[in-house]
Amino acid sequence: MFKAPFPPHALQDKSGLGSHETLVIHWQATIANLVDHIHRLIDGALAGGSDDTLVSGELGEAAADLKINGGEEIISKIPEDGDFYVDEYNFELEKLSRVGKNTWFVGPWLFAESYPYRLIRSYFKRTTYWTDFDPFRAKKEEAFRNSATAVYREH
């Protein structure tokens, strides 16, 4: 993996660069919105039975893991799900563990910012019903629609 010639920005830094807010505000809201989105889909008859309970439960656990209690929570490994980059993320997490930087507030910001996306993907990938579901699709489409003017603007 790429090694920058300078130290990574840490989440405990509250200097206004947004990294602290990433964990304190952004991920809590993101997970809450995902849980709400899944419940709306289930209520709308896209039910996957026991998979629904599994995904909702794991999202709830992720929300609890990311709650701020001094940032001491150890970042958990991504379970093997047959999808991409599990080994790479877990290898990097092991390296961080060896130097005591495998908790949310002392780990490198970019790792801590991207890691939950992959972890959440694993919750869906390990089910039968939701395996190909992209929990972030609606947000990606919304962002694309909102940027359409800039994308299609003539220069």
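Preceding this section is the structure that the text describes.
About the criteria used
Residues numbered from 1 in each chain as written. Predicted model: local features only at pLDDT ≥ 70, side-chain atom pairs only at ≥ 80, totals over all residues. Heavy atoms only, no water. Helix = DSSP H or I, 4+ residues; strand = E, 2+ residues; numbered from the N terminus. Expected span 1.5 Å × (residues − 1). Bend = angle between axes of the 7 residues up to and from the residue. Buried < 20%, exposed > 50% of the residue type's maximum accessible area, 1.4 Å probe, protein only. Axes fitted to C-alpha atoms, helices over the stretch in contact; angles between N-to-C directions. Parallel < 35°, antiparallel > 145°, perpendicular 65-115°, else oblique. Left-handed = near helix turned anticlockwise from the far one by under 90°. Contact = heavy atoms within 4.5 Å. Nonpolar A, V, L, I, M, F, W, Y, C, P; charged D, E, K, R; others polar. 1 Å grid on protein atoms, 1.4 Å probe; cavity = no way out; pocket = protein on both sides within 12 Å on 5 of 7 lines; lining within 4 Å. Points joined across faces, edges and corners; volume = space filled by probe spheres on them. Phe/Tyr/Trp six-rings, centres within 6.5 Å; stacked < 30°, edge-to-face > 60°. Salt bridge = Lys/Arg side-chain N within 4 Å of Asp/Glu carboxyl O.

(A) Quick peek at unusual backbone geometry. With a phi angle near 65 degrees, Y85 is a residue other than glycine that sits in the positive phi range. Among the secondary structure elements, Y85 is positioned in the loop between α2 (50-66) and α3 (86-98).

(B) Region of interest: helix α4 (residues 109-125). In this model α4 runs 25 Å from its N-terminal to its C-terminal C-alpha over 17 residues, within 8% of the 24 Å that 1.5 Å per residue would give. Its maximal kink placed at Y115, α4 deviates by approximately 25 degrees, while the proline P116 follows within four residues. Residues of α4 that are buried include every one of F111, A112, E113, Y115, P116, R118, L119, I120, R121, S122, Y123 and F124, and no others.

(C) Just the packing of α3 against α4, in detail. Axis separation between α3 and α4 bottoms out at 12 Å; the angle between their running directions is 140 degrees. Between α3 and α4, the interaxial angle falls into the category oblique. You can see that α3 and α4 cross each other, and the crossing is left-handed. Across the interface between the two elements, V86, Y89, N90, E92, L93 and L96 from α3 touch F111, S114, Y115 and R118 from α4. A breakdown of the residues in the contact of α3 with α4 according to their chemical character gives six nonpolar, two polar and two charged.

(D) Spotlight on the layout of surface pockets. By volume, the second largest pocket is sized at about 250 Å³. Lining of the second largest pocket is provided by H26, A29, T30, N33, L34, H37, R40, Y117, P135, F136, A138 and K139. For the lining of the second largest pocket, the secondary structure elements donating two or more residues are α1 (19-43) and α5 (137-146). Split into classes, the residues belonging to the lining of the second largest pocket amount to six nonpolar, four polar and two charged.

(E) Quick peek at the packing of aromatic side chains. Taken as a whole, this structure holds nine aromatic pairs when the rule is applied. With 5.3 Å between their ring centres and 45 degrees between their planes, F124 and F133 make a pair best called tilted. Across this residue pair, the class does not change: F124 and F133 are buried. With a centroid separation of 4.9 Å and an interplanar angle of 75 degrees, the aromatic rings of W130 and F133 are classed as edge-to-face. By the ring-pair criterion, three or more aromatic residues cluster together here, those being F124, Y129, W130 and F133.

(F) Inspection of the pattern of salt bridges at higher detail. Here the structure, examined in full by the defined rule, presents seven salt bridges. Among the salt bridges present, the one from E94 reaches R98, with a minimum N-O distance of 4.0 Å. One end of the pair is E94 and the other is R98, both in helix α3 and four residues apart, which spans about a single turn.

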